Amino acid sequence: MDFPQHFRCPISMELMKDPVTICTGVTYERKNIEKWFNSYKKNTCPATMQCIDSFEMTPNHTLKRLIQAWQQNGKSKSCIPSSPAQAAKHEELISLLKTIESTPFKVSPLKKLKSVVEIGDEIKLDFKKSGGVEVLVKIVVQILVECCSDFVAFRACEEAIGVLDQLPLSDEEEDCQTLQLLMKPECIKSFTIMLQRGSAEARFCIVSIFQKMARADFHWNHAIKDEGIDFFKSLLEIVSDEMCTRASSCALQVLIDILDASKKSRLQAIEAGALCTLIDLLPDSNKSKCEKIMLLIKLLCECAEGRLAFIEHGLGIAAISKKMLNVSTAATKIGVKILWLICISHPTENVLEEMLMFGSVKKLVALLHIGGSSTTKARVIKIFKYHGNTWKRYPCFPSDIKDYLGLGYDI
């Protein structure tokens, strides 16, 4: 039986039954790649011939579900129209896709395609099953060949991205093939370029697509492995864009979804300057944006590299202290967690002085009186247990804190 190319194991070229992904992001049939590593004693990726250090294999559940669904439903990709109206729309869709593939002037038919796809869920499903996503992805990656110098190709890429943003994406079987195509490294690279150089509308569409992809069951580490730092720099530029608050908020949520799921991605974000950007944005952020930024700072500070970058910024403690007790309960809780992470990692004398000078200690004391969650209060008490002896030497340190905590003079 003829079957899609990406269902084949690159080693045997046969349909995969137990697909696994290795550190290079390439997927193989488990028994074939195990034989390559164990029996043949190879330390390279068979498809790319890249030397690898890790032989860890991650089951590709999404691709496995996609293969099983394809086997159950047969190899037909076309939708069977259920009415004359749907049949007419199907013919129009097929005609547009053929025109887009054959003509060098793609912008106009792509705009028309977008208006057709917007009609409803049935036409979107028909579009996917008719190979529409494959056609659009070819247009998107074309800017890598043209090196962004061809304005016509660039505009066509923007229009193709606008159509892709119309499509729902999830980890359901019907969306798996679409996600596989969008997760290809060359597609991610093109998206990254468009984030840097595209129009405001195109940048928002890409961030919207990323948000849908981040919530689906896919491996971001493999997708952004080669583009990681540039990828995060591009997202951070969108986050900093004050002219498009909608895209900025959406980009923040994408960062949260990615960093919350991947510690490796946090290191790339830190290297891309995420903490510096987030701390600079925090003082003037509104409630919703503030909570997202503080959550991101907290995620990054869970890494030693993140805590170091936070301290080196110089205004991190001041920015966090300003927002505690002034924004929301959620922001205060996150702020305490950030300070707790800094305080348990052997902070310098200068850091502890900044906490006193910028009001962190004062607000931590206030939290003990106000109350709150037991977890937050426990963290505040631990902070004072660790560093009370340092702070009590300063005249501004509250004299009643020792009695309140029941710690006497030995804190």
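Residues numbered from 1 in each chain as written. Predicted model: local features only at pLDDT ≥ 70, side-chain atom pairs only at ≥ 80, totals over all residues. Heavy atoms only, no water.

Some words on helix H17 (residues 304–313)
Phase 1: All of the buried residues along H17 are Gly306, Arg307 and Phe310. Looking straight down H17, one finds its buried side chains confined to an arc of 100°; they lie on one side.
Phase 2: Those residues of H17 that are buried are in contact with helix H14 (263–271), helix H15 (274–281), helix H16 (287–301), helix H18 (316–323) and helix H19 (329–343).
Phase 3: Residue glycine 314 follows H17 closely and has a positive phi angle near 95°. (Buried < 20%, exposed > 50% of the residue type's maximum accessible area, 1.4 Å probe, protein only. Helix = DSSP H or I, 4+ residues; strand = E, 2+ residues; numbered from the N terminus. Arc of directions from axis to C-beta. Contact = heavy atoms within 4.5 Å.)

Some words on the packing of aromatic side chains
Two aromatic rings are characterised by how far apart their centres lie and by the angle between their planes.
Phase 1: Considering all chains together, one arrives at five aromatic pairs under this definition.
Phase 2: Here phenylalanine 191 and phenylalanine 210 contribute two aromatic rings whose centre-to-centre distance is 5.7 Å and whose plane-to-plane angle is 85°, an arrangement assigned as edge-to-face. With phenylalanine 191 in helix H9 (residues 185–197) and phenylalanine 210 in helix H10 (residues 200–214), this pair connects stretches of sequence that are 19 residues apart.
Phase 3: Accessibility expressed as a relative area gives 0% for phenylalanine 210, which makes it buried.
Phase 4: Seen in terms of ring centroids, phenylalanine 384 and tryptophan 391 are 5.8 Å apart; in terms of plane orientation they differ by 75°. Their pairing is edge-to-face.
Phase 5: On the basis of relative accessible area, phenylalanine 384 is assigned to the buried category, the value being 0%.
Phase 6: An aromatic cluster of at least three residues, connected via ring pairs, comprises Phe191, Phe210, Phe231 and Phe232.
Phase 7: In this structure, lysine 42 packs its charged tip against the face of tryptophan 36, placed 5.7 Å from the ring centre. (Phe/Tyr/Trp six-rings, centres within 6.5 Å; stacked < 30°, edge-to-face > 60°. Lys NZ or Arg CZ within 6 Å of the ring centre and 35° of its normal.)

What about the sheet that holds strand E3 (residues 58–59)?
Phase 1: With antiparallel pairing, the three strands of this open sheet are ordered in space as E2-E1-E3. In the strand order of this sheet, the two ends are held by strand E2 (27–29) and E3, each with one partner.
Phase 2: For strand E1 (residues 19–21) and E2, the ladder comprises three bridges, and the chain directions are antiparallel. What sits directly across from threonine 21, in E2, is threonine 27.
Phase 3: Helix H1 (residues 30–39) rests against E1, E2 and E3 of the sheet, and its axis sits at about 95° to E2. (Pairing = 2+ DSSP bridges. Axes fitted to C-alpha atoms, helices over the stretch in contact; angles between N-to-C directions.)

Remember, this is a structural readout, not a statement about activity or role.
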